[in-house]
Amino acid sequence: MAHLVYTKTGSVCLTDQNVDLRRVIQHDILELKAYIAFSHGYPEVIVKNTYAWEIVINAAQYLKTEPIEKCMCTDKEYLGVLVGLIDARASLFRRDIKETASKNIAGYFHLSPNCSAILECLLLDHLYIFLQIFDVQGLPSPVRRKPYQADPIFIILFEMFFKNMKSIGSQFPQWFFDIAKNKAQCPKIPISMLAIVCTAICTALLAKKNKSGEEFKFTGNQFCNNYNYHISTYMRKSNTPGGYAQDVSLTFLDIDGMDDE
C-alpha cells in the first residue's frame, strides 16, 4: 500500500501509484489548493513545508491508510517525496489562475496588440483593481471609490473557485457559512482568495507588457510582494479586522446550494 513507484528518470508520477496512495495524494492536493485559496497564496518556505507535512500526514490518518502513515513517520525521504509532489501541483494551480486571468482581461481592459499606454496606466499604482472608464482615446480612468470591483476579478473568482462542484469553493462550503446565514447583507470571501486573483491579473498584464507570453511564470514566490500588497491594501481600505473581503458582491454563488451541503 505504501510503496512508491518511480519512473525510469527517478521521478514520481501520481498516476503510477496504487489506489490507496493516489487517494492520499489527491486528498493532499485538494487541501493544499484550499490552503492557497483560503489561507495564504505565497506562504514563507518554512511555513509552507510545515503545513504541507501536516496535510500529508493528516490525509493518511483521515483516510485510515496506516501503512502509508507509518512510512511518513519513519522515513523522512518518503515524506519529502510526497510533499514535493503536492507542492508541484500547487504551482500548477497558481499557473491555472494566471492563465484564467490572461484569458479574461483583454476585453474589459481594451487590450490590443498595441496597448502599451493602457498597460502603463493600469499597472501604475495597481490601478487595475478599480472599475475603469475609458476616454475617447481609449485610455482607462479608474473609479477610485470602487476598489476591487473590476469585472475580471469576479470572472476569475467564479472560473477558478466556484464554477462547478469540483471547484475549491464548492468542495469547502464550510468556509462560506457566513454567507449562507446572512444572505441579505454582505457576503464574505477570504481576502487571500481575492489577493491571489488580483496578483494573477497583475502578472497577466506584466506578461502582456513584456510580450512574454506563456513563459511568464506565476509559480514561484517572485510575486509574493504583489500578493502581500493586496492583502494589506484591502484590509486598510476596508478597515477589515478579519481575513474576509466583505464588500465583494458574489452574485454568482449558489448560497442555497451551499446551505444544503
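Residues numbered from 1 in each chain as written. Predicted model: local features only at pLDDT ≥ 70, side-chain atom pairs only at ≥ 80, totals over all residues. Heavy atoms only, no water.

1. Focus: empty space enclosed by the protein
Part 1: This model, assessed by the stated rule, comprises one cavity of 30 Å³ or more.
Part 2: The computed volume of the largest cavity comes to approximately 40 Å³.
Part 3: L32, Y35, I36, P43, K48, D87, A90 and R94 together form the lining of the largest cavity.
Part 4: Listing elements by their share of the lining of the largest cavity, those giving two or more residues are helix 1 (19-38) and helix 4 (76-104). (1 Å grid on protein atoms, 1.4 Å probe; cavity = no way out; pocket = protein on both sides within 12 Å on 5 of 7 lines; lining within 4 Å. Points joined across faces, edges and corners; volume = space filled by probe spheres on them. Helix = DSSP H or I, 4+ residues; strand = E, 2+ residues; numbered from the N terminus.)

2. Describing the pairing of strand 2 (residues 140-147)
Part 1: Looking at chain direction, strand 1 (residues 130-134) and strand 2 are connected through five bridges and run antiparallel. Paired with L131 across the strands is V143, a residue of strand 2.
Part 2: Linking two consecutive strands that pair antiparallel, namely strand 1 and strand 2, is a turn of five residues; a positive phi of about 85° is found at G138 within it. (Pairing = 2+ DSSP bridges.)

3. A short note on the confidence of the model for the chain
Part 1: Averaged over every residue, the pLDDT of the chain is 82; the share at 70 or more is 82%.
Part 2: Per-residue pLDDT, averaged within each element of the chain, yields its smallest value for helix 11 (residues 255-260) (45) and its largest for helix 5 (residues 116-123) (94).
Part 3: Scored below 50 in pLDDT, residues 254-261 makes 13 contacts in the model with residues more than four places away or belonging to other chains. (pLDDT = per-residue confidence, 0-100. Contact = heavy atoms within 4.5 Å.)

4. Side note on the packing of helix 1 against helix 4
Part 1: Following both chains from N to C, one finds helix 1 and helix 4 inclined at 50°, their axes separated by 9 Å at the closest point. On the basis of the axis angle, helix 1 is oblique to helix 4. For the pair helix 1 and helix 4, the crossing hand works out as right-handed. Together, L21, I25, D28, I29, L32, K33 and I36 of helix 1 and Y78, L82, L85, I86, D87, R89, A90, F93 and R94 of helix 4 make up the contact between the two elements.
Part 2: Looking at the contact of helix 1 with helix 4 residue by residue, the classes come out as 11 nonpolar, no polar and five charged. (Axes fitted to C-alpha atoms, helices over the stretch in contact; angles between N-to-C directions. Parallel < 35°, antiparallel > 145°, perpendicular 65-115°, else oblique. Left-handed = near helix turned anticlockwise from the far one by under 90°. Nonpolar A, V, L, I, M, F, W, Y, C, P; charged D, E, K, R; others polar.)

5. Here's the deal with helix 4
Part 1: The terminal C-alpha atoms of helix 4, which comprises 29 residues, lie 42 Å apart, in line with the 42 Å expected from a rise of 1.5 Å per residue.
Part 2: In this structure D75 caps helix 4, since a side-chain oxygen of it lies 3.0 Å from the backbone nitrogen of E77. (Expected span 1.5 Å × (residues − 1). Polar contact = N/O pair within 3.5 Å; in protein donor to acceptor, adjacent residues only side chain to side chain.)

6. Things to note about the packing of aromatic side chains
The way to describe two aromatic rings as a pair is by their centre distance and the angle between their planes.
Part 1: Taken as a whole and judged by the stated rule, the model has six aromatic pairs.
Part 2: Ring centres of F38 and F172 lie 6.1 Å apart, and the angle between their planes is 65°; this geometry places the pair in the edge-to-face category. Placement of the pair is F38 in helix 1 and F172 in the loop between helix 7 (168-171) and helix 8 (177-181), with a sequence separation of 134 residues. Accessibility classification places F38 together with F172 in one group, the buried group.
Part 3: With 5.0 Å between their ring centres and 75° between their planes, Y108 and F109 make a pair best called edge-to-face. For the pair Y108 and F109, one class covers both residues: buried.
Part 4: R94 extends its terminal NZ or CZ atom over the ring of Y42, reaching a point 5.0 Å from the ring centre.
Part 5: Above the ring of F130, the side-chain terminus of R144 is found at 5.9 Å from the ring centroid. (Phe/Tyr/Trp six-rings, centres within 6.5 Å; stacked < 30°, edge-to-face > 60°. Buried < 20%, exposed > 50% of the residue type's maximum accessible area, 1.4 Å probe, protein only. Lys NZ or Arg CZ within 6 Å of the ring centre and 35° of its normal.)

7. As for unusual backbone geometry
Part 1: One non-glycine residue, K64, adopts positive backbone phi at about 55°.
Part 2: With respect to the helices and strands, the residue K64 is situated in the loop between helix 2 (45-62) and helix 3 (66-74).
Part 3: Positive phi is not limited to glycine here, since H110 has a value of about 60°.
Part 4: The residue H110 is located in the loop between helix 4 and helix 5 in this model.

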